[in-house]
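Report on the structure
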Amino acid sequence: MKTKTIRQVVTFKLSPQEVYEMLMDSKKHSAFTGSEARISRKVGGKVTAYDGSLEGTNLELVPDKKIVQSWRGSDWPEGHYSKAVFSLKEIEGGTRLTFTQAGVPADLYEDYRQGWHDYYWKPMKSMLEK
């Protein structure tokens, strides 16, 4: 199967801790997505979002700095996972999030590339930066 890599950089007017918590706290994640999320805070723990249509496992967690997860959508080929890396860096006035997702099925690349903006970055900003 042919795959592609999504690379995105987003800035938030929030601290790295606040951005990390939005991604890793089940209640906060559910609040900005409007759907159920269950997120383990342990390496090896399971992650689900959008009522189970997204799933994965925590591979590496460095509080307030980095999240690495295996990750897949329910519309992906059975058993195929990508590797999603969220790197957080404090910058003047907030946080720069550098996101990389390697192993995205090529035929789904555009939908998921746009989906991160529409279903993660925009709702996080609108909820947190009020």
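As a starting point, this report considers the structure included with it. (Residues numbered from 1 in each chain as written. Predicted model: local features only at pLDDT ≥ 70, side-chain atom pairs only at ≥ 80, totals over all residues. Heavy atoms only, no water.)

**A few points about the overall build of the protein**
Definition in use: Only runs of H or I of at least four residues qualify as helices and only runs of E of at least two qualify as strands under DSSP, and these elements are numbered from the N terminus. To get the radius of gyration, use the C-alpha atoms; to get the globule rule, take the number of residues to the power 0.38 and multiply by 2.2 Å. Burial status follows relative accessibility: with a 1.4 Å probe on protein chains alone, a residue under 20% of its type maximum counts as buried, one over 50% as exposed, and anything between as partly exposed. Any two residues whose heavy atoms approach within 4.5 Å are treated as being in contact. Here the positive residues are Lys and Arg and the negative ones are Asp and Glu; neither His nor the chain ends is included. Think of each charge as sitting on NZ of Lys, CZ of Arg, CG of Asp or CD of Glu.
Counting its secondary structure elements, the protein contains three helices and seven strands. A globule of 130 residues ought to have a C-alpha radius of gyration of about 14 Å, and the protein, at 14 Å, matches this closely. Along the three orthogonal principal directions, the C-alpha set of the protein runs to about 40 × 25 × 25 Å. With 130 residues in all, the protein has 45% of them scored as buried. If you take every contact in the protein between residues at least 6 apart in sequence, the share linking residues at least 24 apart comes to 49%. Each charge class in the protein can be summarised by its mean position, and for the 20 positive and 17 negative side chains these summaries are 4 Å apart.

**Describing the packing of aromatic side chains**
The relation between two aromatic rings is expressed through the spacing of the ring centres and the mutual angle of the planes. We apply this condition: Pairing of aromatic side chains requires ring centres within 6.5 Å, counting the rings of Phe and Tyr and the six-membered ring of Trp. Pairs whose planes differ by under 30 degrees are stacked, by over 60 edge-to-face, and all others tilted. We call a charge positioned over a ring when the NZ of a Lys or the CZ of an Arg lies within 6 Å of the ring centre and within 35 degrees of the ring normal.
The final tally for this structure, using the stated rule, is 15 aromatic pairs. Seen from their ring centres, F99 and W116 are 4.3 Å apart, and the 45° between their planes marks the pair as tilted. Taken as a pair, F99 in strand β7 (residues 94–105) and W116 in helix α3 (residues 109–128) lie far apart in primary sequence, 17 residues in all. A residue is classified by how much of its surface remains accessible, and F99, at 0% relative accessible area, is buried. An aromatic cluster is defined as three or more aromatic residues linked by ring pairs; in this entry it consists of F32, Y50, W71, W76, F86, F99, Y112, W116, Y119, Y120 and W121. Here the guanidinium or amino end of K4 rests over the ring plane of Y109, the centre of that ring lying 4.6 Å away. Across the ring face of Y81, the terminal group of R72 is positioned such that the distance to the ring centre comes to 5.6 Å.

**Overview of helix α1 (residues 16–24)**
Each α-helix winds once per 3.6 residues, and so residues spaced three or four apart point in a common direction. Along α1, seven of the nine residues are buried, which leaves the element largely enclosed by surrounding structure. Listed as buried for α1 are P16, V19, Y20, E21, M22, L23 and M24.

**Things to note about the environment of V104**
Among the secondary structure elements, V104 is positioned in strand β7. Distance in space between the C-alpha atoms of V104 and A31 is 26 Å, their sequence separation being 73 residues. Dropping the residues within four chain positions of it, V104 is found in contact with K2, T3, K4, I6, W76, S82, Y109 and Y112.

**Quick word on the packing of α1 against helix α2 (residues 26–33)**
Under the convention used in this document: Note on definitions: angles span 0 to 180 degrees between N-to-C directions of axes, and those axes are lines fitted to C-alpha atoms, for helices only across the stretch in contact. Any angle that is under 35 degrees is reported as roughly parallel, and any over 145 degrees as roughly antiparallel; angles of 65 to 115 degrees are reported as roughly perpendicular and all others as oblique. In this count, Pro and Cys sit with the nonpolar residues alongside Ala, Val, Leu, Ile, Met, Phe, Trp and Tyr, while Asp, Glu, Lys and Arg are called charged and the others, Gly among them, polar.
Remark: α1 packs on α2, axes separated minimally by 5 Å, with the N-to-C direction vectors making an angle of 85°. By the angle class used here, α1 and α2 are roughly perpendicular. Contacts between α1 and α2 involve E21, M22, L23 and M24 on the former and, on the latter, S26, K28, H29 and F32. Classifying every residue of the contact of α1 with α2 by side-chain character gives four nonpolar, two polar and two charged.

Functional significance is not addressed by these values, which are geometric in nature.
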